[in-house]
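# Remarks on the overall topology
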Amino acid sequence: MIDYAFSMADLEYYLLILCRVSCLIFIAPFYGMNSTPARIKIGLSIFVAYLLYQLTPLEAPLEYSTVTGYAIIVLKEVVCGLLLGFGCNICMTVLSFSGRIIDMETGLSMASLMDPMTREQSSISGILYQYAVLLLLIISGMYQYILKALAETFLLIPVNGAIFRSDRLMKVMLEFMADYIFIGFRICLPVFTVMIILNAILGILAKVAPQMNMFAVGIQLKVLTGLSILFLTTGMLPRLSELLFTEMKTMMVAFVEAMM
C-alpha cells in the first residue's frame, strides 16, 4: 500500500521547489512559448517539481518564523527561477536583432508579422531564424539540458540559499550585451556584405547608365538577392544554433554563479 502521508514542512518545501521550476518553465524558450497551453506548463511544472523533490529531500527545516518570512523565501525562489529562464530566453532575442538588420538591408523592413511566440510584431527574417533555431533546439536536445541545469541548481543553490550579488549580475548583463552585438552581426554578416557589394554595383551602374531607374531596379534586386543569400546560408544554421546554445549555457552558468 502506498503511503501518501506528508508533513506540513514537506509541503512547504515542495511548493518552494515548484516556484523555481514553474518560473523557469513559463519563461524559458520552447517551454514558455505562448502557443503552449497553460495547463501543459502547469502540469509539467508540477511533475518536474515532484521529481526534484524526490531527488533533493529536505535535510533541515526551513528557517522562518512568520508568514512574511516564508513569503520572502518564495520571492527568492521566484527570482531565482526567473533569472535562470531569462538567461535562456534573452539569447533568443539575438535572432530578432539580426532579422531586423537583414530586413532593413533587403528592403523588407516594412513587412512585419505577428510572432505567435512573443505576440509582438517581428521581422520576417527574425521569425524564420527563430523557428529554425527552435527546431534545432529540439533536435539537439538542448531542451533537456535546460531541465538538467535546473536540477543541478538545487545542488548548487539549495532552497532559501540564493544570495543575489548585484555587482556580478550587472557584470553578466554587460558582458552579454557585448556578445549580443557580436553574435547578431555574425548572423547577418553574409547578407550585410552582399548588400554592400550590390549597392556599390548599383552606384556604378547609376553613373554608367543614368537613364535607368536604379531605385525601381535596386529594390527588386535587393529582395531577390537577400532571399537567395538566406537560402544559400541555410546550411550555416546548425553552426548558428551551436553558437547561441553555447551563449545560453554561459548565461545560465554565470547567473548561477552570481546567486551562489
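Note that this is a predicted model, so its numbers are computed, not measured.

For helix 7 (residues 214-232), with 19 residues, the first-to-last C-alpha span of 26 Å sits near the 27 Å given by 1.5 Å per residue. By the burial criterion, the buried members of helix 7 are Met214, Gly218, Gly226, Ile229 and Leu230. Taken down its axis, helix 7 places every buried residue within 115 degrees of arc, on the same side. Counted as exposed and oriented over 90 degrees from the buried face of helix 7: Gln220, Leu224 and Phe231. As for helix 7, its buried residues are in contact with helix 3 (67-106), helix 4 (124-140) and helix 6 (166-208).

Tallied over the entire structure, the rule returns two salt bridges. For Arg20, the salt bridge identified is with Glu77, shortest N-O distance 2.8 Å. Taken together, the residues Arg20 in helix 1 (residues 8-25) and Glu77 in helix 3 connect sequence positions 57 residues apart. Its relative accessible area of 0% is what places Arg20 among the buried residues. Residue Glu242 pairs with Arg239 through a salt bridge whose shortest N-O separation is 3.7 Å. With a gap of three residues between them, Glu242 and Arg239 both fall in helix 8 (residues 237-259), about one helical turn apart. Look at Glu242 and you get partly exposed, because its relative accessible area is 44%.

We now examine the packing of aromatic side chains. The final tally for this structure, using the stated rule, is seven aromatic pairs. Relative to Tyr53, the ring of Tyr14 lies with its centre 6.0 Å away and its plane at 85 degrees, an arrangement referred to as edge-to-face. With a gap of 39 residues between them, Tyr14 in helix 1 and Tyr53 in helix 2 (residues 38-55) connect regions that are remote in the sequence. The two residues Tyr14 and Tyr53 agree in class, both being buried.

Direction vectors running N to C along helix 4 and helix 8 enclose 75 degrees, while the axes themselves pass 10 Å from each other. Classed by the angle they form, the pair helix 4 and helix 8 counts as roughly perpendicular. Within the contact between the two elements, helix 4 uses Tyr129, Ala132, Val133, Leu136, Leu137 and Ser140 and helix 8 uses Leu237, Pro238, Leu240, Ser241, Leu244 and Phe245. A class-by-class count of the residues in the contact of helix 4 with helix 8 yields ten nonpolar, two polar and no charged.

Their axes nearest at 6 Å, the elements helix 1 and helix 3 cross at an angle of 30 degrees. Considered as vectors, helix 1 and helix 3 are oriented roughly parallel to each other. With respect to the hand of their crossing, helix 1 and helix 3 are arranged in right-handed fashion. Here Glu12, Leu15, Leu16, Cys19, Arg20, Cys23 and Leu24 of helix 1 come into contact with helix 3, specifically with Tyr70, Ile73, Val74, Glu77, Val78, Cys80, Gly81, Leu82, Leu84 and Gly85. Residues that form the contact of helix 1 with helix 3 fall into these classes: twelve nonpolar, two polar and three charged.

What counts, and where the lines are drawn
Position labels on residues start from 1 in each chain and follow its written sequence. Per-residue local features are limited, in this predicted model, to residues with pLDDT of at least 70; the limit for side-chain atom pairs, both in listing and counting, is 80 or more; totals at the level of whole chains, interfaces and linings are taken over all residues. The side-chain quantities take in all heavy atoms of the structure and omit both hydrogens and water. Under the scheme used here, helices are H or I runs from DSSP no shorter than 4 residues and strands are E runs no shorter than 2 residues, and both carry numbers assigned from the N terminus. Here the expected span of a helix is defined as 1.5 Å times the quantity of residues minus one. The buried label goes to any residue with under 20% of its type's maximum accessible area, the exposed label to any with over 50%, and the partly exposed label to all in between, with areas taken from a 1.4 Å probe on protein chains only. Within this analysis, the arc is defined by the directions that extend from the helix axis to the C-beta atoms. What makes two residues a contact is simply this: any of their non-hydrogen atoms within 4.5 Å. Every case where a carboxyl oxygen of Asp or Glu lies within 4 Å of a side-chain nitrogen of Lys or Arg is listed as a salt bridge. Any two rings among Phe, Tyr and Trp, with Trp reduced to its six-membered ring, count as a pair given centres within 6.5 Å; such a pair is stacked if its planes are under 30 degrees apart, edge-to-face if over 60, and tilted if neither. Helix axes use the C-alpha atoms of the stretch in contact, all axes being lines fitted to C-alpha atoms, and the angles between their N-to-C directions lie in the range 0 to 180 degrees. The labels follow the angle: roughly parallel below 35 degrees, roughly antiparallel above 145, roughly perpendicular from 65 to 115, and oblique for the rest. Put simply, Ala, Val, Leu, Ile, Met, Phe, Trp, Tyr, Cys and Pro go in the nonpolar bin, Asp, Glu, Lys and Arg in the charged bin, and everything else, Gly too, in the polar bin. Throughout, a crossing is termed right-handed when the near helix is turned clockwise from the far one, and left-handed when it is turned anticlockwise from it by less than a right angle.

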